[in-house]
Amino acid sequence: MAHEAAAARAGAGALQGLRLAAAADLPAIVAIYNATIPSRLVTADLEPVTVASREPWFAAHQRAQRPLWVLERAGAIAAWLSFSSFYGRPAYDGTAEVSVYVDERHRRQGLGAALVAEAVRASPSLGVHTILGFIFGHNAPSLALFEARGFARWGTLPRVAVLDGVARDLVIVGRRVD
């Protein structure tokens, strides 16, 4: 509940500094992402990624319907959120996966909650009617973040990821926004 209280205190001010990502932001985006890898809590990547390896991903998020947002604090990227296409076939165009990453110095300040809430609010204008999240089953903070924003558990893929020899579940959370 403390996390929810922090998110509520953050309020609308949490989104000051929200903007579309620019190419110059990619090193900071990658640094935030890479910082989560050792925890084995957030991503299935096992080794740090490079800026160069993420350039095609960045380019895919330059479409108006699949944006990449960054949230700045004191001139630095504090968090980011991406909308990604789901399954790559036309019938799924109205469904998007969202991913949210918060720099460790800015966690527990309500930024992730504000970004997810803004993604829900903005989805209809992006042509998105269904939002999905793919979250490791042992990632209780992320599951709580999404569930507090109206996402429900739509499925579990049991033991599909192996992190340091431990098989982990992948939980699919979803929310209709139309």
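Heads up: these notes are all about the structure in this document. This is a predicted model, so every value here is computed, not measured. (Residues numbered from 1 in each chain as written. Predicted model: local features only at pLDDT ≥ 70, side-chain atom pairs only at ≥ 80, totals over all residues. Heavy atoms only, no water.)

Observations concerning the overall build of the protein
(1) Moving on: In terms of regular secondary structure, the protein is built from five helices and seven strands.
(2) Moving on: Taken over the C-alpha trace, the protein has a radius of gyration of 16 Å; the compact-globule value for 178 residues is 16 Å, and the two agree within 12%.
(3) Moving on: Within the protein, the fraction of its 178 residues that count as buried is 44%.
(4) Moving on: Pairs at least 24 residues apart make up 63% of the contacts formed inside the protein by residues separated by at least 6 positions.
(5) Moving on: When the accessible surface of the protein is split by element, carbon and sulfur atoms take 56% of a total near 9000 Å². (Helix = DSSP H or I, 4+ residues; strand = E, 2+ residues; numbered from the N terminus. Rg over C-alpha atoms; globule rule 2.2 N^0.38 Å. Buried < 20%, exposed > 50% of the residue type's maximum accessible area, 1.4 Å probe, protein only. Contact = heavy atoms within 4.5 Å. Areas by Shrake-Rupley, 256 points an atom, 1.4 Å probe, with all protein chains shown as cover.)

Points about the pairing of strand S7 (residues 166–176)
It is a general feature of regular strands that their side chains alternate between the two faces of the sheet.
(1) Moving on: Bridge analysis of strand S5 (residues 130–136) against S7 gives seven bridges, and the strand direction is antiparallel. Its bridge partner lying in S7, Thr 130 is registered against Arg 176.
(2) Moving on: Two elements, strand S6 (residues 152–163) and S7, share eight bridges in a ladder whose sense is antiparallel. Bridging from a neighbouring strand, Gly 155 pairs with Ile 172 of S7.
(3) Moving on: Where S6 folds back on S7, the antiparallel hairpin that results is connected by two residues, among which Asp 164 adopts a positive phi of roughly 50°. (Pairing = 2+ DSSP bridges.)

Some details on the layout of surface pockets
(1) Moving on: Within this model, the largest pocket holds a volume of roughly 970 Å³.
(2) Moving on: As for the largest pocket, its lining consists of 40 residues, of which Val 42, Val 100, Tyr 101, Asn 139 and Ser 142 are closest to the centre.
(3) Moving on: Within the residue set of the lining of the largest pocket, elements represented by two or more residues are helix H1 (2–10), helix H2 (26–36), helix H3 (51–60), strand S3 (76–85), strand S4 (95–102), helix H4 (111–122), S5 and helix H5 (140–148).
(4) Moving on: Tallying contributions element by element places S4 first for the lining of the largest pocket, with six residues.
(5) Moving on: Classifying every residue of the lining of the largest pocket gives 21 nonpolar, 14 polar and five charged. (1 Å grid on protein atoms, 1.4 Å probe; cavity = no way out; pocket = protein on both sides within 12 Å on 5 of 7 lines; lining within 4 Å. Points joined across faces, edges and corners; volume = space filled by probe spheres on them. Nonpolar A, V, L, I, M, F, W, Y, C, P; charged D, E, K, R; others polar.)

Section: the sheet that holds S3
The strands that make up a sheet pair up through hydrogen bonds in the backbone, lying either parallel or antiparallel.
(1) Moving on: Here we have seven strands laid out as an open sheet, ordered S1-S2-S3-S4-S5-S7-S6, and mixed in their pairing. Looking at which strands have only one partner, the edges of the open sheet turn out to be strand S1 (18–20) and S6. Strand-to-strand twist across the sheet, computed as the mean angle between neighbouring axes with direction ignored, equals 25°.
(2) Moving on: Sheet topology places S3 next to S4; seven bridges connect them, and they run antiparallel. Note that in S4 the partner of Leu 81 across the bridge is Val 100.
(3) Moving on: Where H5 meets the sheet, it contacts S4, S5, S6 and S7, and its direction lies at approximately 160° from that of S5. (Axes fitted to C-alpha atoms, helices over the stretch in contact; angles between N-to-C directions.)

Focus on the nonpolar core
(1) Moving on: Judged by nonpolar contacts, the single largest core of 30 residues is most densely connected at Leu 81, Phe 83 and Phe 146.
(2) Moving on: It is H4 that contributes the most residues to this core, eight residues altogether.
(3) Moving on: Contact partners of Leu 81, with chain neighbours within four places excluded, come to Pro 67, Leu 68, Trp 69, Val 98, Ser 99, Val 100, Leu 115, Val 116 and Ala 119.
(4) Moving on: Counting 15 residues, the second largest nonpolar core, distinct from the first, contains Val 30, Ile 32, Tyr 33 and Trp 57. (Core = buried A, V, L, I, M, F, W, Y, C linked by side-chain atoms within 4.5 Å.)

Remember, this is a structural readout, not a statement about activity or role.
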